[in-house]
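Residue-level structure breakdown
One-letter residues, chain by chain:
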Amino acid sequence: MTEQIRRVHADSDATYGSPHVHAVLRREGMHVGRKRVERLMREAGLQGVSPRRPRSFTRRDPAADLAADLVRRDFTAAAPNRLWVADISLVPTGEGLWWLATIRAAFSRRIVGGTPPNERTPIWS
């Protein structure tokens, strides 16, 4: 039975997981349980391709040096123009995904600059 599972998995270019493999085997007339297909695929080291994308965009290089934490995680400022904080976000909209970059003054907590999501040139206040 494992050989038939391997065949169906290979015919799908190794994209089918156990639900699809089980459905194909049933259509071919083989009487087999879903859990058995899962177990045999696991034992054979076969798995399907997940349609989900990874949530993170960061691909950190383990060999790279980390940037120094110059503010020691203290994002408060005693006076104006002492500390500015930058952020970049991915904003889902009806027109697609847009990037939004902002610069915020830590003292007043106001946005002092950034790039609107639909433009490429920065705006500064």
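Our structure's up above, just so we're on the same page.
The notes below deal with the structure included here. Everything quoted here is computed from the prediction, not taken from an experiment.

1. As for helix 3 (residues 34-44)
Looking at helix 3, one finds that the buried residues are V37, L40 and M41. Angular distribution of buried residues about the axis of helix 3 spans 100°; they occupy a single face of the element. The outward face of helix 3, more than 90 degrees from its buried face, is lined by the exposed residues K35, R42 and E43. For helix 3, the secondary structure elements touched by its buried residues are helix 1 (2-11) and helix 2 (18-27). Where helix 3 ends, the next residue or the one after it, G45, has phi of about 75°, a positive value.

2. Quick look at helix 2
Along helix 2, the positions that sit buried rather than exposed are S18, V21, H22, V24 and L25. An end-on view of helix 2 places all buried positions within 165° of arc, on one side of the element. Of the residues in helix 2, the exposed ones pointing more than 90 degrees away from the buried face are P19 and R27. Two residues or fewer past helix 2, G29 is found with a positive phi of approximately 95°.

3. Some words on unusual backbone geometry
Phi at A14 takes a positive value of approximately 60°, unusual for a residue other than glycine. Structurally, A14 can be placed in the loop between helix 1 and helix 2. For A14, a relative accessible area of 34% corresponds to the partly exposed category. Non-glycine residue R109 carries a positive phi angle of around 60°. Relative to the helices and strands, R109 resides in the loop between strand 2 (96-105) and strand 3 (111-115).

4. Some remarks on the environment of L90
Take L90: it is sitting in strand 1 (residues 84-93). Separated by ten residues in the primary sequence, L90 and L100 place their C-alpha atoms 6.3 Å from one another.

5. Focus on the nonpolar core
Judged by nonpolar contacts, I5, V8, V21, V24, L25, M30, V32, V37, L40, M41 and L46 together constitute the single largest core of eleven residues. Residue assignment for this core shows that the elements contributing at least two residues are helix 1, helix 2 and helix 3. Apart from residues lying up to four places away in sequence, V24 is in contact with V8 and Y16.

6. Things to note about the side chain of H22
Residue position: H22 is located in helix 2. Residue H22 is classed as buried on the basis of its relative accessible area, which comes to 17%.

Rules of the game
Here, residues in each chain are numbered from 1, in the same order as that chain's written sequence. For this predicted model, a pLDDT threshold of at least 70 governs which residues receive local features, and a threshold of 80 or more governs which side-chain atom pairs are given and counted, while totals over whole chains, interfaces and linings are taken from all residues. The side-chain numbers reported here are obtained from all heavy atoms of the structure, hydrogens and water having been left aside. Exposure categories follow from relative accessible area, calculated using a 1.4 Å probe and restricted to protein chains: below 20% of the type maximum is buried, above 50% is exposed, and the middle band is partly exposed. Segments assigned H or I by DSSP are reported as helices when at least four residues long, segments assigned E as strands when at least two residues long, and all are numbered from the N terminus. Note that the arc is defined by the directions from the helix axis to the C-beta atoms. Should any heavy atoms of two residues lie within 4.5 Å, those residues are considered in contact. Note on terminology: a nonpolar core comprises buried Ala, Val, Leu, Ile, Met, Phe, Trp, Tyr and Cys residues joined through side-chain atoms within 4.5 Å.

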